[in-house]
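Here's the letter readout for the chains.
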Amino acid sequence: RITKSIDAALQLSKSYGVSGTDFGHVVILFVLIVITKLIDSVLEDCGISSGMTQDQESVYPIEGPQPMDMDVKGVSAVKQNEQREQLRRRNIVMALEVLHIMAADTKIQAFLRLICLNMPDKFSVLSQRLTLIEAHKMALERLLPTSHKIDDLVMYIWRVSNLDYQPNNKRLVGVLGNLRSSNSMLGQLTGAGRAACWIIFDIYMENAMDGRHLGGISAIEIIKEMSKTAQAINEASWQETFKALWISALRLVQRAREPLEGPIPHLDTRLCMLLALIPLAIAAILKEETDACGAEGNKSLPRRLGLVSSLQDLVQYSGLLVPPSSLVNVANAAASKAAIFRANCKVVGGNPSMIGQSDSSTKAVGNMLHLIVEACISRNLIDTTAYLWPGYVVLPGHSKDTSLPQESPWVNFMQGAPLSDPLKNALIATPASSVAELDKLYHIALNGSEQEKSAAAKIVCGASLVRGWNIQEHVVRMVVKLLSPPLPSDSSLQGSMSHYLSQKSTLNAILLGVSYVDAVHIFSLYGMVPDVAAALMPLCEAFGSMPPPSNHRSTIVDETSVYSVFSCAFLCLLRLWKFYKPPQEYCLAGRGGSVRLELTLDYLVLMHNSRIEFPNSSATSTNSGSSTGSFDEVPTQPIYIDSFPKLRAWYIQNQACIASTLSGLGNTNPVHQVANKILSMICRKMTKSGVVSGNLSSASSSSVSGSSLSTSDDSYQRPTLPAWEFLEAVPYVLEAVLTACYHGRISSRDMTTSLRDLVDFLPASLAAIVSYFSAEITRGIWKAVPMNGTEWPSPGAALHSIEDEVKEILASAGVQIHSCYPRGVPPMLPLPMAALVSLTITFKLDRSLDYIHGIIGQALENCAGGSSWPSMPIIGALWTQKVRRWHDFIVLSCIRSPFGRDKDAVAQLIQSCFSSFLRSSPSSGSDITASRGVGALMGESITGHQGLHFPMAPGFIYLRTCRTFHDTYFVSEMILRQVIDCSHKLANGWSSNGPPHLKSGRPPLSGAASMASQVAMLGAGLLCVAGGPLLVQVLYEETLPTLLLSAQEQMLEDPGPVASTLQGYAMANMLFFCGSLLWGSEKTSPIMKLSFLSRRPRVVGTHMDFIAGVLDGHILLGCDPGTWKAYVSCFVFLVVKFVPTWLRDIKLDTLKKIAVGLRSWHEHDLALSLLERGGPKTISAVVETLLQ
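Reading the values: the criteria
- Residues numbered from 1 in each chain as written.
- Predicted model: local features only at pLDDT ≥ 70, side-chain atom pairs only at ≥ 80, totals over all residues.
- Heavy atoms only, no water.
- Helix = DSSP H or I, 4+ residues; strand = E, 2+ residues; numbered from the N terminus.
- Buried < 20%, exposed > 50% of the residue type's maximum accessible area, 1.4 Å probe, protein only.
- Contact = heavy atoms within 4.5 Å.
- Areas by Shrake-Rupley, 256 points an atom, 1.4 Å probe, with all protein chains shown as cover.
- 1 Å grid on protein atoms, 1.4 Å probe; cavity = no way out; pocket = protein on both sides within 12 Å on 5 of 7 lines; lining within 4 Å.
- Points joined across faces, edges and corners; volume = space filled by probe spheres on them.
- Nonpolar A, V, L, I, M, F, W, Y, C, P; charged D, E, K, R; others polar.
- Lys, Arg positive; Asp, Glu negative; His and termini not counted.
- Salt bridge = Lys/Arg side-chain N within 4 Å of Asp/Glu carboxyl O.
- Core = buried A, V, L, I, M, F, W, Y, C linked by side-chain atoms within 4.5 Å.
- Phe/Tyr/Trp six-rings, centres within 6.5 Å; stacked < 30°, edge-to-face > 60°.
- Lys NZ or Arg CZ within 6 Å of the ring centre and 35° of its normal.
- Axes fitted to C-alpha atoms, helices over the stretch in contact; angles between N-to-C directions.
- Parallel < 35°, antiparallel > 145°, perpendicular 65-115°, else oblique.
- Left-handed = near helix turned anticlockwise from the far one by under 90°.
- Expected span 1.5 Å × (residues − 1).
- Bend = angle between axes of the 7 residues up to and from the residue.
- pLDDT = per-residue confidence, 0-100.

The name given to the chain in an unreviewed UniProt entry is Mediator of RNA polymerase II transcription subunit 33A, with the source organism recorded as Aegilops tauschii subsp. strangulata.

Observations concerning the overall build of the chain
Along its length, the chain carries 53 helices and four strands. The burial tally for the chain puts 58% of its 1188 residues in the buried class. Intrachain contacts of the chain at a sequence separation of at least 6 include 78% that bridge at least 24 residues. For the chain, the exposed surface amounts to about 47600 Å²; the carbon and sulfur share of it is 53%.

A short note on empty space enclosed by the protein
Counted by the stated rule, this structure contains nine cavities of 30 Å³ or more. Taken as a whole, the largest cavity encloses approximately 260 Å³ of empty space. For the largest cavity, the lining is made up of 21 residues, of which L260, I264, P265, R270 and R960 are closest to its centre. Contributions of two or more residues to the lining of the largest cavity are made by α14 (267-293), α40 (887-894) and α43 (954-961). Here the element with the most residues in the lining of the largest cavity is α40; it accounts for three residues. Residue composition of the lining of the largest cavity, by class: eleven nonpolar, four polar and six charged.

A closer look at unusual backbone geometry
Look at N380: it is not a glycine, yet its phi comes out positive at around 60 degrees. Residue placement: N380 occurs in the loop between α17 (368-378) and α18 (409-414). You can call N380 partly exposed: its relative accessible area is 46%. With phi around 65 degrees, H1162 is a residue other than glycine that occupies positive phi space. Residue position: H1162 is located in the loop between α51 (1148-1160) and α52 (1164-1172).

Remarks on the side chain of E437
Mapped onto the secondary structure, E437 falls in helix α20 (residues 435-447). Here E437 is buried and forms no salt bridge, its nearest opposite-charge partner K440 lying at an N-O distance of 9.9 Å. E437 has contacts with W410, F413, M414 and A432, leaving out every residue within four places of it along the chain.

Here's the deal with the nonpolar core
In this structure, W246, F570, Y958 and Y1127 are the most contacted members of the largest nonpolar core, which totals 385 residues. Looking at which element gives the most residues to this core, the answer is helix α45 (residues 1005-1045), with 23 residues. Excluding anything up to four places from it in sequence, F570 contacts C540, L647, W650, W724, L727, A764 and A767.

Some details on helix α23 (residues 472-482)
Taking burial as the measure, the eleven residues of α23 include ten buried ones, the bulk of the element. The complete set of buried residues in α23 reads Q472, E473, H474, V475, V476, R477, M478, V479, V480 and L482.

Quick notes on the packing of aromatic side chains
Enumeration over the complete set of coordinates arrives at 29 aromatic pairs. Joined through ring pairs, the aromatic side chains of Y1036, F1072, F1073, W1079, F1106, W1124, Y1127, F1131, F1138 and W1142 make up one cluster. Above the face of the F413 ring, K440 is positioned so that its terminal group lies 4.9 Å from the ring centre. When the ring centre of F1138 is taken as reference, the NZ or CZ atom of K1137 above it lies at 5.6 Å.

Overview of the packing of helix α38 (residues 850-866) against helix α39 (residues 872-882)
It is the contact of α38 with α39, at a shortest axis distance of 9 Å, that shows an interaxial angle of 150 degrees. Between α38 and α39, the angle is such that the two are roughly antiparallel. Contacts between α38 and α39 involve I856, L860, E861 and A864 from the former and M872, I875 and W879 from the latter. Here the residues of the contact of α38 with α39 sort into six nonpolar, no polar and one charged.

A look at the environment of G262
Note that G262 resides in the loop between α13 (238-255) and α14. For the pair G262 and R885, spaced 623 residues apart in sequence, the C-alpha to C-alpha distance is 8.1 Å. Setting aside residues no more than four positions away along its own chain, G262 makes contact with W886 and F889.

Some words on the packing of α14 against α17
Look at α14 against α17: their axes get within 9 Å of each other, and the N-to-C directions meet at 35 degrees. Pair α14 / α17 crosses with right-handed handedness. Across the interface between the two elements, L271, L274, L275 and P279 from α14 touch M368, L371, I372 and A375 from α17. Looking at side-chain class alone, the contact of α14 with α17 contains eight nonpolar, no polar and no charged residues.

A look at helix α33 (residues 723-742)
When the terminal C-alpha atoms of α33 are compared, their 28 Å separation across 20 residues agrees well with the 28 Å that a helix rising 1.5 Å per residue should span. When the local axis directions of α33 are compared, the greatest deviation, roughly 35 degrees, occurs at V730, which is followed within four positions by the proline P731. For α33, a buried count of 17 out of 20 residues is recorded, marking the element as mostly surrounded by other parts of the structure. Positioned one or two residues after α33, G744 has a phi angle of 80 degrees, which is positive.

Quick notes on the confidence of the model for the chain
Model confidence for the chain is summarised by a mean pLDDT of 80, while 78% of its residues fall at 70 or above. Within the chain, the lowest mean pLDDT, 36, falls on helix α10 (residues 185-189), and the highest, 95, falls on α17. Confidence drops under pLDDT 50 across residues 53-65; counting only partners more than four residues distant or on other chains, this segment forms 18 contacts. A low-confidence stretch, residues 169-175 (pLDDT under 50), is modelled with 14 contacts involving residues beyond four sequence positions or located in other chains.

Quick word on the environment of V315
Structurally, V315 is set in the loop between α15 (302-313) and α16 (328-347). Along the primary structure V315 and Y392 are separated by 77 residues, whereas in three dimensions their C-alpha atoms are 7.3 Å apart. In this structure V315 touches L321, L369 and G391, once residues within four positions along its chain are discounted.

See the structure below:
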C-alpha cells in the first residue's frame, strides 16, 4: 500500500515508463527523483537551464521562479530583493547540503548503482545534471560558502558509474592468510605476474598451426576476443597486451624457422599469424575504441598509443627478431625503405609530406620488426613516422650482405604488359603489394581471354595468397569470389551448365591452387571455411551431374575434364570437415568416452548463412584502411543442402556407410548395374578370369561377391556416367573387391591395382574409399594380414627405427612408453588398413596431386587412430621408404599413436607440461619476454641442424596429440588434479621457506598465489584445446563438482590450512579462466555466439545452482572447508569483477542463497555486489538487504 501511494504521489511509473513497480523499484526511483529534483532546483535558482525536454516536469508548477507572497508593508523594493536573494542563496546551500549528505551515504550510492546497472537510460538523466554542475562550477562557488566543496558531491555520484567491483582488501587478505602487505592483493588475485599470465596466447597460436584440424571461426575474431579478455583479467595496459601478442607470435615463427618438409603447414602459415592476422585483430580492437569515442583516426586514444609503444619496445628483443633465411631479403627491403624515407626527411627539413622519390641505392639491415611495422602501416594502424623511431634503421656494416631490392614484376603488370609466360611466372612467385593490383587481376580473371583467365587464376593462388601478408585478407576473399563465377547476361544460358563449362579452365586452376596445404590452412585461419564450402557446393553439384566424354580414360593427366574439375572441387570440399570420422567420433559419449565438437557440412552451411544475416561479424571484412575492390563484397544469398539434391544424396549415403554395413541389392537396382560396369572396368587387367563377381545381384547373399567375372568385350567398356551416379556405386564395388581379396579370389597386388585404376578414372572415388575403409577398420571385423613384403609391402627395418625415435622423443618430454612390435615377428595390419596404405603409396608426389594427398594423409592417421591395432608406426615406416626426405615429419606424426588409448601416457604428458612450466619459472621478475615456463613448455625450436630438436617440449607434443585422446573426461580430471597438486606444492614451498614463527624470513604469499593463478591459466588453456566447449561444460557440470564432493583423502592427504586455501583459489581461477576464454568477458560477435555462447547460461547456471545447494545445506561436501570457502569466494569475486553479465542469467533464488552464504563468512561487500549485478530481478533483494 505504501509503495503504491508513493508511486501515485510522485507518478514514478508515468515519469520513468516503468510498469508494475515493486518495492525495490519504487525505492530507487524515489531516490533518483529526489536527487534529480534537488539538482534541478539548484540549477534553476542559479538561473541555469536544466536542459529538460518538454515532457519532463519542472520543479515549479509554473515555469521559472515566481515572486513569493511576503508582507512587504514598509519594506522598500531594494530590501525586498535583498531578502529574496538571501532566501535563494539559503535554498541553494540547503539543497546542496542535502545532496552532499545523500550522495555520501553508502546505501544511496548502492541505490544509484542499481539504477546505473539496470536502467542506464534513467541514470543518464542524472548524468546530464552532473555535467551542467561541472560546467557552471565557478558560478555556483561564488554563491556558496568557501567551506562547501562541489567537487565532493560530483565525485560521490560519478563514483557510482564506475561499475568495476573494488574488493575490500582486508577481507580478501583473509582468504589466503596473513600477508605482510595487502596493497598487492588485488594484483595477486587477478594474475600479477606479467609473463606466464599470457601463456594462453602461445597455446592458441601454436595449436592453430595444426593443419589437420580446420576451424570455422576466424583467428582474427578469436584473437580479438582473447586479447580483450586477457587484458581485463590480467588488469594490464594495452601496451602490455599488444606486446604480449607480438612476442608470442615471434616465438611462434622462431619455433619453426627451419620448417619440416612434408604435407603440413609451413613457415608461411606462421608468418600469416604474425604479419596479417594479429595486425587485423589489433585493427578490430582499435576500431571498437574509435567507434565508441567517435574519433575516427584519432592517434591519441589509449589503445592506439599502446600499440605504438608496444612496437617501439620490440626493438630491444633482437633474438626474437632474427628473420628466417627465406625472409632476409624481404626484411632488408623493408628496412631500406625506411632508410630512404629517413634520408629524404632530412633533405626536406623534417617535413614528411614533402618527401618524393629517392636514391634507391640506400641499403639497411632488416629484421622481423620492419616487416611488422610495414604490416601495420599498410592497414593504417600507424603512419610512416615509425621510420623515424630511434634505433629503427640500422645501416649495414662491412660484413653484411644486403642486396638491393629488385623492381617488382607487378610494376610491369600495372603498366599494361601482356601476361606472357615469364611475367606470369614472376607474378606467381612475387606477392602483390596493393589492392589496385588485385583489382586489375580480378578484372582479367573475369573478362580476359581463356588463356588470360587461367593465368590470372594461377597468379592469385600463388605468392599473393600465401605470402601477401599486407593484403592477404583481400586475396582470400578474391579467391572465394572467383570460385563462384557470375551468371552470364545471356538469358539463354541461365539455368544451364554452360556457364560453368565456359569457366572450366579457370576453375580448375583455382581449385588446384587452393588445394595447397598452406592455402587451405590460411583459409581456415581467416574463418573462410564456411564461405569456401558454400562456393564449392554449386560446383560439385554442376560438374558432378555432367557425364564425361566417351573416350575418357584417366583423370590423373594434364588435362581439364568434367571429372577432373569435379574431383578437385569435391575433394577440396571434403577436406573442410572430417567426412570419414567413424561413428564413435560423431556422438557425445558417456563417461570414459570422447567429448569433442567436429565440423560437419550442415554446420558449415549454418555458419555461412549466419554471416549473411550478420555481415559485420566477418573478421575478414574489417576495414583495414585500404580501398577494397569489388571482390570484397559480402555474399547476400543463403544456401541450403536441399538446394543440391545430388550432393545431399551422397552426404546421406556417406553417413549411412559410416554407420552400418552395406546390404544386398535387388537384380533390377540401377546402382547395382553401375557397380557391375565399374568392376568390369577395374578388373580387366587381372591375370585370372573368374576371380571377382560380375553378378552383384545375387539374392542369396547380402555380400556383393558371387559368380565369376564376365570377360567379354563389354566388360572393357568404361562407364560414361555423371560422377554422382558413379560415386553412388563405389561402396558396393569396394565391398566386392575387399571380400574377394579376403577369400583369396584375387591377390593383394591385383586389389591395389584395381583400386588405383578406380582413382585414376575418377579421383573423387577416393572419398568413398576412405569412408568405407575407415568404417570397416573401426568395426574390427577383418583379419590382420602380415606385412612381409610378399603379398603386402613390408616396412622392414624402418619400423623399429621409427619406433625407437618415437620412444626417444617422448622420453625427452617425460613420457615413457612400451614397444608394440617385438623383433623377429612380421608386423600385421587389418586387411582394410593394409589395402588403404598400399593404395596411398602408389601416388606420385606431384604438386598437381595436392588435392589427393590432402585427403589420404589425414585419412591414414584417422584410420590408425580408429583401430585398436597399433598401426601408425607401420604406416610411417612404409611412407618413409617412399619419401625419405619426409622422415622427420613422419616421425612427428607417429608420436600421436601412443596417446590414442594409453591413459598412462596421457597422464605422464600432462604432468610433464605442468612440471616443465613450474620448473623454469623464476620467483621474481616481470619482464613479459622472460621464459617463465613458456620456453620449457612450448620449446624454442622444433627442428635443429640434425633434424628434430631434442629435448622435445611437452607442451608442443600435447598440442599435436591432444585431439587423439580418447577419454577426454579423464583428461579434464587429470588437468584439474595437476592444478590442485601444483598449488599444493607452491603452498608447501612457501611454508618451508622460513621458521613458522618468523614470517619475515619467508617470501610473500603473493608470489605463490600469482604462480597458482598462472598454473590455472595453463590448465585452462590445455583443457580448452583438448576438448573445446563441450569439455569446458563437463568441467563446470561434472568434473569440479565431483572433486569437491569427494572425500578429502581422495584429493590430497592433510593439505594444511594454507595449501587447502590455495587449492580452492587455484580451482576457482581455472574454472573462471576456462569460461572467460571460451565465452569472453563482454558482448561478442554473432558468429562467436553461434559457436560457443549459447551454452553459457545453462552451464554457468548449473554450477551456480550447485554452489547455492551446498551453501544452503542441501548438498554435503567432502573437501576441506577451507578449500570450499576459498573456492566460492574467489570464483564469485572473479565473476563479479570481470564478467558480471554472466550473473544476469542466474536464477534469483540461486543468487540469494549464495549471497546469504557469503554474508555468513562476513563477505558482505561481495554478497551485495553479487546481487547488484544480477539484473532487474534482483533490485528488490538488494534494497531489502540494504534496508535491513
